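Observations on the three-dimensional arrangement
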Amino acid sequence: MPIPSNLLSPSLMDKNNGRQDGGEGPLPAPSAGWEGVVRRGQGPQVPGSPPPKPFHKVLKPNNLCEVAVALPLFQTLTYRLPSSLQDTARVGCLVRVPVGRQQVSGYILGPAREVPGVKIREVLALLDPLPRFGSELVPLWRWVADYYQYPLGEALSHLIPGGSRPSCPKREHWVAIRAEADHSPSRRLGARAQEILDYLRKTDKPVAVRELRRIFPTCPPILQRLARQGLVSWEERLAFADPLKDKPLRPMESGLTLVPEQQDAVEAVVEGIKNEEFAPFLLHGVTASGKTEVYLAAAREALAQGRQVLVLLPEIALTHPVAQEFRRRFGERVALLHSGLTDSQRLDQWRRLAAGRAEVAVGARSAVFAPLPRLGLIVVDEEHDPAYKHEGGLLYQARDVALYRGQLARAAVVLASATPAVSTFFRARQGRYRYLHLPKRVTPQALPEVQLINLRQQRGGAGLKIISPPLASAVTATLGRGEQVLLFLNRRGYATVLFCLFCGHLFQCDQCSVALTQHHFRDRLICHYCGFERAVPERCPACQSTAIKRHGVGTERVEAEVRRLWPEARVARLDRDTAPHSGRALDLLGDFAAGNLDILVGTQMITKGHHFPGVSLVGVINADQSLFFPEYHAGERTFQLLAQVAGRAGRGGVPGKVLIQTYQPEHYVFQTVRDQDYENFFDKEVNSRRELGYPPFTRLALVRVSGVPQEKVAQQAKKLAESLRRIVGRDPDLASRLRILGPAPAGLAKLKGRYRWQILVKSYGRPPLLALLKQLRQVWSPPPQSKIDLTLDIDPANLF
DNA sequence: AGCACGCCGACT
DNA sequence: GTCGGCGTGCTC
Ligand SMILES: [Zn+2]
Ligand SMILES: [Zn+2]
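Given the structure is predicted, the values throughout are model-derived calculations rather than measurements.

Some remarks on the UniProt feature "binding site: Zn(2+) 1" (unreviewed entry) in chain A
Mapped onto the present numbering, the UniProt feature "binding site: Zn(2+) 1" (unreviewed entry) falls on Cys500, Cys503, Cys540 and Cys543. The greatest C-alpha distance among the annotated residues, which extend across 44 residues, is 8.6 Å, indicating that they converge on a single site. As for its position among the elements, cysteine 503 is in the loop between strand 19 (498-500) and strand 20 (517-518). Relative to the elements of secondary structure, cysteine 543 occurs in the loop between strand 22 (533-535) and strand 23 (548-550).

Structure representation (structure tokens):
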């Protein structure tokens, strides 16, 4: 039996084997393999000077290299470099190689050794002369593939732009004046040539011919002549487009001073950068506490130290303004990376970074993999945002990848949020992240007043109302003062959960403590975590009432009710139906901000980024829809959402008012939102997680089986769950630390024509989970020629 | 992912 | 006797 090459390749000799990490964190310490060498300390970059070559030659004289091919393989392959490529091929180069009788693309990861019993074939072609990444990223690639149990080559083909087609970076011509120009007689030159020379003399640094043409449209032939005469230098450089070029730069506000708390935070982060050790921080700052100023100042220092900066934001829409802020301060050294760019635009930005022509990368989730060989600071803004978890394909959590990357690069990592993720705050409490607190707003804006409205029915009371009398009168009063109202509701519940109208009792799974969902195909309540099933109840077990309600009210009904109650008001609705994509949505938001509307009814999207100075009342129609959502983290999401909504209320010096309608006003999530007390929320939430065995006290993995027909999917899921339980049962070590829940139909039991079943694995510590998942690969026999497949979600965020 | 190898049913 | 079904396993 031949030994897989990667077991022999030097790069894997010292690979870390899922090292113990203390149980809760997803991040084993990185090993210091040959790829992990950290190079830095080149000193400050002088703009315009050629950047140091970020990539060293690592391919050894045997001319064998390890290649991750774009196939679903859980191993890398070894190839020989033909003599024609021996000088040009580097780590990070995109190549075409033969695999079986097909040809595929892949990336060179490093040198390799002969593989006993395998005839090594040759690399066929170099698809891009420039490496797409340096050796500093190789250990990160390996870790991601291993941690998320995803084939490495396939992962790279998704993460790096420009993966398939051969592509040569564009080049352009640059000219500069040479000393000879001063000594040569000027009579022999034309007037135009003289002008150009004067311009170049004045500029005194290389200029792109493309730029020069804007001033002297006919310059290329003249320049060529001047170059032949030795009066100007003529060279070729890589050409990059600047995606921010057309956007106007607002002038920088002057007199920006930091308050003492900001100052302290900056100093702590800067110290972390200078120490050249991994330095993770939680920057916990309320809305408008000036978190951005802190990381901008830290970034300035990182750049001054010759280190690079990576800034991650949860949404594409937020990347442009932040990139602009950076550009105002640091000029053109800023690259922008997000999935809203075309593949060729992304490749262009990627190459700019890989070639060392940009020092700062700003982007969304996928930018966490940007090629930055001298990384010194990573900022994950709004670190709690679920958008950092990629859904589909490689299911990575960009915040966690950023932390691991920070360890490899010995960089400072700043996780910034007003409402940190429970797992993040937990580690800050443990002292694993240094805690930086910005408790005060830098703008003179009062905190909003939050009130809870109990929706519970009284016996013999009035019927159900979408808008309760207290909220209605608050709206009337607000409109009477000529102020605006925001009515917020959750996206229509795609989960059907049941609760009691009289006492607020929620029907939950006793074992998992998540809401049971009513599935359309059977009239039963099911726990989609563990598969528990029961009949639909007729009475509430807590108060014996028969008033059991299904959840869900949509924006249309709210809008209709609003129009009925306030026929004079100017009302608009904003949700997926009204506003497919931004265009109309932006118009509506603009109208609202300008005061042309009185009431805006909307979903989640109105909480993001927009601030409406005229809004003095925010009504949350159905907060329970979020709290009752069948996920273990429903409470965390609800707190974060409501805290963000509350931050939208209020203007200038006048505090806004937030009214939250709920059937469980005594629930700690609402109590702590009302008090705007994050730490109290955290303490309650973390106790519940501890008792129930959810993260950060356990690690989760979701094994999802999907396809058609439904019966086959269910049967495969059952078989798989049995196999997993057998594996665990055989090993007492695993048995004590692993729980297999399910199989159960997913909450979304059918998605895009495919039926979904799932198995949830809970693990105390990472090693047992890893051991199980490694064996999973063997017991999963791809079922008979079927359209059924299996996906593994590590640290899942969406178990529904 | 492809593609070849291989071991059992109905066809020239 | 073979042609071909797709289950199984490998690809440097
Ligand atoms: Zn009840
Ligand atoms: Zn359950």
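Some details on the coordination of the zinc ion (ligand 2)
Only Cys509 (SG), Cys512 (SG), Cys527 (SG) and Cys530 (SG) from the protein reach the zinc ion (ligand 2) as donors, at distances of 2.2 to 2.3 Å. In terms of primary sequence, the donors binding the zinc ion (ligand 2) are separated according to C-x2-C-x14-C-x2-C. In terms of burial, cysteine 527 and cysteine 530 fall into one category: buried.

Re the UniProt feature "domain: Helicase ATP-binding" (unreviewed entry) in chain A
Under the local residue numbering, the UniProt record ascribes the feature "domain: Helicase ATP-binding" (unreviewed entry) to residues 272-438. Along residues 272-438, the helical share is 40% and the strand share 23%, with 18 Å between the first and last C-alpha atoms.

Re the coordination of the zinc ion (ligand 1)
Of the protein atoms, only Cys500 (SG), Cys503 (SG), Cys540 (SG) and Cys543 (SG) coordinate the zinc ion (ligand 1), at distances of 2.2 to 2.3 Å. In this structure, the zinc ion (ligand 1) is surrounded by four donor atoms whose angles at the metal cover 101 to 118 degrees, and the resulting shape is tetrahedral. For the zinc ion (ligand 1), the donor residues sit on a single chain with the sequence spacing C-x2-C-x36-C-x2-C. Pair noted here: cysteine 503 is in the loop between strand 19 and strand 20 and cysteine 540 is in the loop between strand 22 and strand 23, with a separation of 37 residues, a long-range link. By relative accessible area, which is 0% here, cysteine 540 ends up buried.

As for the sheet that holds strand 15 (residues 412-417)
Strands in a sheet are paired, the pairing made by backbone hydrogen bonds, and the direction either parallel or antiparallel. If you walk across this open sheet you meet the seven strands as 12-13-11-14-15-10-16, and the pairing is parallel. Two strands bound the open sheet, and with one partner strand each, they are strand 12 (334-337) and strand 16 (434-438). For this sheet, the mean inter-axis angle between neighbouring strands, taken without regard to orientation, is 15 degrees. Summarising the sheet, strand 10 (residues 279-285) and strand 15 pair through six bridges and their orientation is parallel. Each bridged residue has a counterpart across the sheet, and for histidine 284 the counterpart in strand 15 is serine 417. On top of the sheet, helix 10 (residues 291-304) reaches strand 10, strand 11 (308-312), strand 13 (360-363), strand 14 (375-381), strand 15 and strand 16; it is set at about 170 degrees to strand 14, its chief contact.

A short note on the pairing of strand 15
Across the six residues of strand 15, six count as buried, placing the element largely inside the fold. Going residue by residue along strand 15, you find Ala412, Val414 and Ala416 tucked away on one face and Val413, Leu415 and Ser417 tucked away on the opposite face as well. Read from strand 14 through helix 13 (residues 398-409) to strand 15, the crossover connection turns out right-handed.

Thoughts on the pattern of salt bridges
Considering all chains together, one arrives at 30 salt bridges under this definition. With a closest N to O distance of 2.8 Å, arginine 351 and aspartate 128 form a salt bridge. One end of the pair, arginine 351, is in helix 12 (residues 343-354); the other, aspartate 128, is in the loop between strand 6 (125-126) and helix 3 (138-147), and 223 residues separate them in sequence. For aspartate 128, a relative accessible area of 0% gives the class buried. For lysine 389, the salt bridge is made with aspartate 793, and the minimal N-O distance between the two is 2.8 Å. Of the two residues, lysine 389 is situated in the loop between strand 14 and helix 13 and aspartate 793 in strand 31 (residues 789-794); the sequence distance between them amounts to 404 residues. Overall, lysine 389 belongs to the buried group, its relative accessible area being 3%. Owing to a relative accessible area of 6%, aspartate 793 belongs among the buried residues under this scheme. Several salt bridges share partner residues, and in doing so they unite Glu293, Glu325, Arg328 and Arg329 into one network.

So, how was this worked out
- Residues numbered from 1 in each chain as written.
- Chains lettered and ligands numbered in written order.
- Predicted model: local features only at pLDDT ≥ 70, side-chain atom pairs only at ≥ 80, totals over all residues.
- Heavy atoms only, no water.
- UniProt positions renumbered as here; feature names shortened; annotations may be inferred.
- Helix = DSSP H or I, 4+ residues; strand = E, 2+ residues; numbered from the N terminus.
- Donors = N, O, S within 2.8 Å, 3.2 Å for Na, K, Ca; no water.
- Buried < 20%, exposed > 50% of the residue type's maximum accessible area, 1.4 Å probe, protein only.
- Tetrahedral: all angles 85-135°; square planar, octahedral: opposite > 155°, others 65-115°.
- Pairing = 2+ DSSP bridges.
- Axes fitted to C-alpha atoms, helices over the stretch in contact; angles between N-to-C directions.
- Contact = heavy atoms within 4.5 Å.
- Right-handed = clockwise from strand over helix to strand, strands pointing away.
- Salt bridge = Lys/Arg side-chain N within 4 Å of Asp/Glu carboxyl O.

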